[in-house]
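# Results of the structural survey
Read off the chains here:
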Amino acid sequence: MEMIQQTPDLSDYLAADDVIDHHHPVVRATAMRLAGQVADSYAYAQAAYEFVRDTIPHSADSGDLRVTWRASDVLRERTGVCYAKAHALAALLRAEDIPVALCYQRLLHDDGSGHAVHGLVAVRFHGAWHRQDPRGNKPGVDARFSLDGERLAWVPDEKSGEVDYPDLYAEPHPAVLDALRAAPDRPALWKALPAAL
């Protein structure tokens, strides 16, 4: 799949905002700690990915009802859905000057009752974008950091109406952000998840 930058300016994929708040002390401290344990930016990207994937439980897996969406809150509260975890990973990577885009898939709900948009990121290395899914592993999900072929949580099934969106966003998609900000808890969020972009 050929990915499409929504803005031609690569510096937009390094920017901080209210969601990907990589200037926040919590993000900065986490990034500094992780960077101090590795030799280069490639190793840092993998360490940041594994930190978000493995130490911040997906709230549906852990049963946590809280909804986080700002990167610093995800890191502080140690919980989030796929979008929130993608925001946290984007902030950690941008904090170390690694360009990161937000990207999405349309997937079937686990019970097959419809579709929902799933959030992940793409990192830029070697002059190309490489998608990564920090959602968190569980039985049946084995996502891994990779710059040599994708190791995502899910591969969309076109026959089921699932889609890999090719768009690379510098900021969260408005439909995703609106759902996160409006939800008082995760059950409410589940009802408000966008079904498509």
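Description of the structure in this document.

Rules and cut-offs
- Residues numbered from 1 in each chain as written.
- Predicted model: local features only at pLDDT ≥ 70, side-chain atom pairs only at ≥ 80, totals over all residues.
- Heavy atoms only, no water.
- Buried < 20%, exposed > 50% of the residue type's maximum accessible area, 1.4 Å probe, protein only.
- Helix = DSSP H or I, 4+ residues; strand = E, 2+ residues; numbered from the N terminus.
- Pairing = 2+ DSSP bridges.
- Expected span 1.5 Å × (residues − 1).
- Contact = heavy atoms within 4.5 Å.
- Polar contact = N/O pair within 3.5 Å; in protein donor to acceptor, adjacent residues only side chain to side chain.
- Disulfide = S-S within 2.5 Å.
- Salt bridge = Lys/Arg side-chain N within 4 Å of Asp/Glu carboxyl O.
- Phe/Tyr/Trp six-rings, centres within 6.5 Å; stacked < 30°, edge-to-face > 60°.
- Arc of directions from axis to C-beta.
- Core = buried A, V, L, I, M, F, W, Y, C linked by side-chain atoms within 4.5 Å.

The side chains of a regular strand alternate between the sheet's two faces. Taken across its nine residues, strand β2 (residues 100–108) has seven buried, putting it largely inside the fold. In terms of strand pairing, β2 meets strand β3 (residues 115–125) through nine bridges, oriented antiparallel. Within β3, the position partnered with Tyr 104 by the bridge is Gly 119. By the bridge criterion, two bridges tie β2 to strand β5 (residues 163–164) in an arrangement that is antiparallel. Directly across from Arg 106, in β5, lies its bridge partner Val 163.

Once that is clear, we can look at unusual backbone geometry. With a phi close to 55°, Arg 78 is a non-glycine residue in the positive phi region. Here Arg 78 is to be found in the loop between α4 (71–77) and α5 (82–95). Backbone geometry places Asp 97, a non-glycine residue, at a positive phi of 60°. Looking at where Asp 97 falls in the secondary structure, it is placed in the loop between α5 and β2.

An ideal rise of 1.5 Å per residue puts 21 Å on 15 residues; helix α2 (residues 41–55) measures up with 20 Å between its terminal C-alpha atoms. On its buried side, α2 packs onto α1 (25–35), α4, α5, β3 and β4 (128–132). One side-chain oxygen of the residue at the start of α2 lies 3.2 Å from the amide nitrogen of Tyr 42, identifying that residue as Asp 40.

Further remarks concern the state of the cysteines. One pass over the full model with this rule turns up zero disulfides. Cys 103 carries a free sulfur, and the closest cysteine sulfur to it, the one in Cys 82, is 11 Å from it.

This part is about the pattern of salt bridges. Counted according to the given criterion, the structure contains 11 salt bridges. Ionic pairing is found between Asp 61 and Arg 135, a salt bridge with its closest N-O pair at 2.6 Å. Of this pair, Asp 61 sits in helix α3 (residues 59–62) while Arg 135 sits in the loop between β4 and β5, and the two are 74 residues apart along the sequence. Residue Arg 135 is classed as buried on the basis of its relative accessible area, which comes to 5%. What you see here is one network of salt bridges that share partners, running through Asp 64, Arg 66, Arg 70, Asp 73, Arg 76 and Glu 77.

Buried residues dominate β4, accounting for four of its five residues. Where β3 hands over to β4, the hairpin turn is made up of two residues, of which His 126 adopts a positive phi near 55°.

A few words on the packing of aromatic side chains. Applying the stated criterion across every chain, the model contains five aromatic pairs. For the ring pair Tyr 42 and Phe 125, a centre distance of 4.7 Å and an interplane angle of 45° mean the geometry is tilted. Taken together, the residues span a long stretch of sequence, with Tyr 42 in helix α2 and Phe 125 in strand β3 at a distance of 83 residues. Measuring from centroid to centroid gives 6.4 Å for Tyr 83 and Tyr 104, while their planes differ by 55°, and the two rings are tilted.

Next up on the list: the sheet that holds β3. If you trace the four strands from one edge of the open sheet to the other, you get β4-β3-β2-β5, paired in antiparallel fashion. Sheet topology places β4 and β5 at the edges, where each strand pairs with a single neighbour.

This part covers helix α6 (residues 174–182). What α6 keeps buried is the set Val 176, Leu 177, Ala 179 and Leu 180. Along the axis of α6, the buried positions cluster into a sector of 160°, meaning they face one direction only. The exposed set on the far side of α6, more than 90 degrees from its buried face, consists of Pro 174 and Ala 182.

Take the nonpolar core next. Grouped together as the largest cluster of nonpolar side chains are 50 residues, with contacts concentrated most on Tyr 44, Tyr 83, Leu 92, Leu 93, Leu 102 and Tyr 104. At the level of secondary structure, the elements contributing two or more residues to this core comprise α1, α2, α4, α5, β2, β3 and α6. Ranked by residue count, the leading element in this core is α5, at 11 residues. Once you skip the residues sitting within four places of it in the chain, Tyr 83 turns out to touch Tyr 104, Val 117, His 118, Gly 119, Val 176, Leu 180, Leu 193 and Pro 194. Counting 10 residues, the second-largest nonpolar core is a separate cluster that includes Cys 103, Leu 120, Leu 168 and Ala 170.

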